[in-house]
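# Observations on the three-dimensional arrangement
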Amino acid sequence: MGKTYLIGEYSEKYLKKLKGEERYGTTGVLLGQATPSKTYIIFAARTPLKDEAELPPDNPDEMNASDIEWMAEHARQVSRMLPGGILVLGIFLIRPAKMSKEEAQDIFRKLTNAVESAVAKERLWNFAEDEPPERIVLQIYADSKKMKLRIFDIHNPQTPPKLIDYKSSSLTSAWQLVEATINVDIHIPVAATAENQLEKNSLKGLNVWAKQMMQSNYLIGGYYKDAESIIGEGSKKKTPVEIQFLTSPPEISPDDTVAVIESCGSGIYVKGTVRCRAYLHGSKAKVKDAIQSLKRDVLNTVYVRCEMVCEDRIVNKGGDAGDSATHRAPHRVFASTLPSGVAFCDYGFSDEGSKDLEERYKELLDYDLHPAQLERVEETMLEEMGVSPTKGMAAAAGVGVIAIAVSVIVYFIAGSV
């Protein structure tokens, strides 16, 4: 049997609404979950206009490099808002009637490659061999009711896209939710010669920890469960499943090991506690898929928080003065946006309120968020329980630290380490 592609009711209504507004030339991202046997498109969000007064181009083939970069940046920002198990699956275009097939395929390829490249830059993990190496392009025609779905092979971007049949589906049944609380304690020494690129080196330094996280073992309800078993087996309802991860030093091949002695002028500590979650569709989701999706979410949220602190330091030209500094990373705030209960998220710094989150949901997801949909309680409770990223951390004069937690990154930057 061939693979099945399903477009959710919410996405279909949203795309028809955009077409009804005659926004021809509008582009956007498609979000959902891809498995070897099925792909679920659960959400669509148009690319924001650079200027609210402008209109989408009549002919998207006339897009210049900055237009493509703008769409790729939108996809990168949206990917930060996704929980484990949900990905940027591809793009859509409300195709003008005068656009030729050759023009369409050329612009689709450019946009697909740009979006995938932008999103991939923020991943600390790699796709498994059995995961489909494809990205979707959905065309909504201006002069008819039809939509066409094509897939591009991201491993072979010059390969012609394949036309694929799809089915409409409500996709409103509850998805399996898996969750975990992760303690993070990472030390990244920074060579004296690289201190002027501190932010860049801090993000690279997360790779060793990421490998350790991906190799970690797990417990479900305090017990080990076979990877091939069903994650919700024995439960009549899809109740959330809590998972514990057991980490150990990463396995390193002797062939990959090179001894290097360098003078370290600074150090970065990423410390704290983060709350993670992943969603899986279907009643037969396996433990191995749940674990993989949740681990990826751990890596994603830690990386995003580190990057946001780095971006904030750059904008504020270093932030705190002096040899050491402590920076609080943003809280992760989930919001249920779909009838199935699947929640997206955003990150809010301590000086940001619900209004800021609502504005970003509207700008990035074209979604009108109500304050009652926000789930602030989880990470806030961790802080109230006394989880402190800086507790027990002593910094020698001049030692630099970045710490991440709950919503806290203690960014501690210092002298000789």
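One can find the structure itself at the top, above this paragraph.
Source: prediction; values computed, not measured. (Residues numbered from 1 in each chain as written. Predicted model: local features only at pLDDT ≥ 70, side-chain atom pairs only at ≥ 80, totals over all residues. Heavy atoms only, no water.)

### Thoughts on the side chain of threonine 301
- Mapped onto the elements of the fold, threonine 301 is located in helix 6 (residues 287-315).
- You can call threonine 301 buried: its relative accessible area is 0%.
- At a separation of 3.0 Å, a polar atom in the side chain of threonine 301 contacts the side chain of arginine 305.
- Contacts of threonine 301, omitting those with residues within four sequence positions, involve Val274, Cys276, Arg332 and Tyr347. (Helix = DSSP H or I, 4+ residues; strand = E, 2+ residues; numbered from the N terminus. Buried < 20%, exposed > 50% of the residue type's maximum accessible area, 1.4 Å probe, protein only. Polar contact = N/O pair within 3.5 Å; in protein donor to acceptor, adjacent residues only side chain to side chain. Contact = heavy atoms within 4.5 Å.)

### Brief notes about the packing of helix 2 (residues 65-79) against helix 3 (residues 101-120)
- The N-to-C vectors of helix 2 and helix 3 enclose an angle of 40°; their axes lie 8 Å apart at closest approach. By the angle class used here, helix 2 and helix 3 are oblique. As for how helix 2 packs across helix 3, the hand of that crossing is right-handed. Residues Ile68, Met71, Ala72, Ala75, Arg76 and Ser79 of helix 2 form the contact with helix 3, whose own contacting residues are Lys110, Leu111, Ala114, Val115, Ala118 and Val119.
- The residue makeup of the contact of helix 2 with helix 3, split by class, is nine nonpolar, one polar and two charged. (Axes fitted to C-alpha atoms, helices over the stretch in contact; angles between N-to-C directions. Parallel < 35°, antiparallel > 145°, perpendicular 65-115°, else oblique. Left-handed = near helix turned anticlockwise from the far one by under 90°. Nonpolar A, V, L, I, M, F, W, Y, C, P; charged D, E, K, R; others polar.)

### Re the layout of surface pockets
- Its volume calculated, the largest pocket comes out at about 940 Å³.
- Forming the boundary of the largest pocket are 43 residues, of which Gln33, Ala34, Gly85, Glu131 and Ser293 lie nearest the centre.
- Of all elements in the fold, only strand 2 (27-34), strand 3 (38-46), strand 4 (87-95), strand 12 (264-280) and helix 6 reach the threshold of two or more residues within the lining of the largest pocket.
- Looking at which element gives the most residues to the lining of the largest pocket, the answer is helix 6, with nine residues.
- Class assignment of the residues belonging to the lining of the largest pocket gives a composition of 17 nonpolar, 13 polar and 13 charged. (1 Å grid on protein atoms, 1.4 Å probe; cavity = no way out; pocket = protein on both sides within 12 Å on 5 of 7 lines; lining within 4 Å. Points joined across faces, edges and corners; volume = space filled by probe spheres on them.)

### Regarding the sheet that holds strand 13 (residues 331-336)
- Spatially, the three strands line up as an open sheet ordered 14-13-15, and their pairing is antiparallel. Two strands bound the open sheet, and with one partner strand each, they are strand 14 (343-348) and strand 15 (374-375).
- Bridge analysis of strand 13 against strand 14 gives six bridges, and the strand direction is antiparallel. Bridging from a neighbouring strand, arginine 332 pairs with tyrosine 347 of strand 14.
- Its contacts with the sheet place helix 7 (residues 354-365) against strand 13, strand 14 and strand 15, and it is angled at close to 125° to strand 14. (Pairing = 2+ DSSP bridges.)

### A word on the packing of aromatic side chains
- Per the stated rule, a full pass over the model turns up seven aromatic pairs.
- Measuring from centroid to centroid gives 5.9 Å for tyrosine 40 and tryptophan 175, while their planes differ by 65°, and the two rings are edge-to-face. In this pair, tyrosine 40 is assigned in strand 3 and tryptophan 175 in the loop between strand 8 (167-169) and strand 9 (176-191), connecting sequence segments 135 residues apart. Residue tyrosine 40 shares its accessibility class with tryptophan 175, and that shared class is buried.
- Within the aromatic cluster, the residues linked to one another by ring pairs are Tyr10, Tyr14, Phe43, Phe344 and Tyr367.
- For the cation-ring pair, lysine 146 lies above tyrosine 141, with the distance from its terminal atom to the ring centre recorded as 4.8 Å.
- The ring of phenylalanine 334 carries the charged tip of arginine 277 above its face, separated from the ring centre by 3.8 Å. (Phe/Tyr/Trp six-rings, centres within 6.5 Å; stacked < 30°, edge-to-face > 60°. Lys NZ or Arg CZ within 6 Å of the ring centre and 35° of its normal.)

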